[in-house]
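Architecture and fold: a report
Given next are the chains, with one letter for each unit.
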Amino acid sequence: ERVSDYLRRFETIGAHSRGDAAYGGVSVVTPVNFLTEKGRLPWPVDGPVIATFGRQRDRETRTWTRNRGIDIGAPKGSNVRSVAAGRVVLVDWFRGYGTFLIVAHGQNYYTLYAYLDAVHVRPDDRVRQGQVVGISGTSDYSESGAVHFELLTGNEALNPLEWLSSLAPDAS
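Now for a look at the structure at hand.

Rules and cut-offs
- Residues numbered from 1 in each chain as written.
- Predicted model: local features only at pLDDT ≥ 70, side-chain atom pairs only at ≥ 80, totals over all residues.
- Heavy atoms only, no water.
- Helix = DSSP H or I, 4+ residues; strand = E, 2+ residues; numbered from the N terminus.
- Buried < 20%, exposed > 50% of the residue type's maximum accessible area, 1.4 Å probe, protein only.
- Contact = heavy atoms within 4.5 Å.
- Areas by Shrake-Rupley, 256 points an atom, 1.4 Å probe, with all protein chains shown as cover.
- Salt bridge = Lys/Arg side-chain N within 4 Å of Asp/Glu carboxyl O.
- Phe/Tyr/Trp six-rings, centres within 6.5 Å; stacked < 30°, edge-to-face > 60°.
- Lys NZ or Arg CZ within 6 Å of the ring centre and 35° of its normal.
- Polar contact = N/O pair within 3.5 Å; in protein donor to acceptor, adjacent residues only side chain to side chain.

**Some details on the overall build of the chain**
A tally of helices and strands in the chain yields 1 helix and 12 strands. Starting at the N terminus, the α and β elements of the chain follow one another as α-β-β-β-β-β-β-β-β-β-β-β-β. Residues counted as buried form 47% of the 172 residues belonging to the chain. Long-range pairs, those at least 24 residues apart, make up 66% of the contacts in the chain with a sequence separation of at least 6. Carbon and sulfur atoms provide 47% of the accessible area of the chain, an area that totals close to 8900 Å².

**Some details on the pattern of salt bridges**
It is possible for side chains bearing opposite charge to pair when their charged atoms get close. If you walk through the whole model with that rule in mind, you get 5 salt bridges. Residues Arg81 and Asp46 are paired through a salt bridge, measuring 3.3 Å at the closest nitrogen-oxygen approach. Of this pair, Arg81 sits in strand β5 (residues 79–81) while Asp46 is found in the loop between α1 (2–14) and β1 (49–51), placing the two residues 35 residues apart along the sequence. For Arg81, a relative accessible area of 23% translates into the label partly exposed. Arg68 serves as the salt-bridge partner of Glu150, at 3.7 Å between the closest nitrogen and oxygen.

**Topic: the packing of aromatic side chains**
Centre distance and the angle of the planes are the two values used to describe a pair of aromatic rings. Evaluation of the coordinates by the stated rule reveals 6 aromatic pairs. Between Phe94 and Tyr97 the ring centres are 5.9 Å apart and the planes differ by 45 degrees, which places this aromatic pair in the tilted class. Ring centres of Tyr113 and Phe149 lie 5.4 Å apart, and the angle between their planes is 55 degrees; on these two criteria the pair is classed as tilted. Here Phe149 lies in strand β11 (residues 146–153) and Tyr113 lies in strand β8 (residues 109–119), a separation of 36 residues in the sequence. Residue Tyr113 is classed as buried on the basis of its relative accessible area of 0%. The rings of Phe34, Tyr109 and Trp163 are connected pair by pair, giving a single aromatic cluster. The ring centre of Trp64 lies 4.2 Å from the NZ or CZ of Arg55, which sits over that ring.

**Digging into the side chain of Asn159**
One can find Asn159 in the segment after β12 (156–158). Here Asn159 falls in the buried class, since its relative accessible area comes to 19%. Within polar-contact distance, the side chain of Asn159 engages the backbone nitrogen of Leu161 at 2.9 Å.

**Points about the side chain of Ser136**
Looking at the element boundaries, Ser136 is found in strand β10 (residues 132–136). On the accessibility criterion, Ser136 (0% relative accessible area) is buried. If near-sequence neighbours (up to four positions away) are discounted, Ser136 is found in contact with Ala74, Pro75, Lys76, Gly77, Ser78, Val80, Tyr115, Asp117, Ala146 and Val147.

Structure (structure tokens):
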């Protein structure tokens, strides 16, 4: 898992780099106790959840896979917003994710946004909560558009639905 490998490497390097030591060496725009935001983060894009966190059975192959995040159905070309202030630590392409980016929020918390058609940030850019960081593309599940969203502590995936505000915005 290339993303997990990167996060493990970043944890080691980040703790020794410049920046706010309380935030793993990553200076963020507005340092907050990320844990207090659980259940209150805004959604990265408007739309319904089309693939949930955890174990999933593929309809075609009938094999089981583990979804490390959620997939949100959003029309292709929708704005994708950062759910919290932080610093972009990676923009890349990876099979299964397509174009994606990772934002570090301090305290070893990260968010990952994938299935992007365009990215509006670069590594080391600071972002604000609600800032547009990219444009949604398509996925294997939705040709009309989707965004894959993960929330991680270190390289451990957390269920984003436990962290996002309880009401998912409708696609509009």
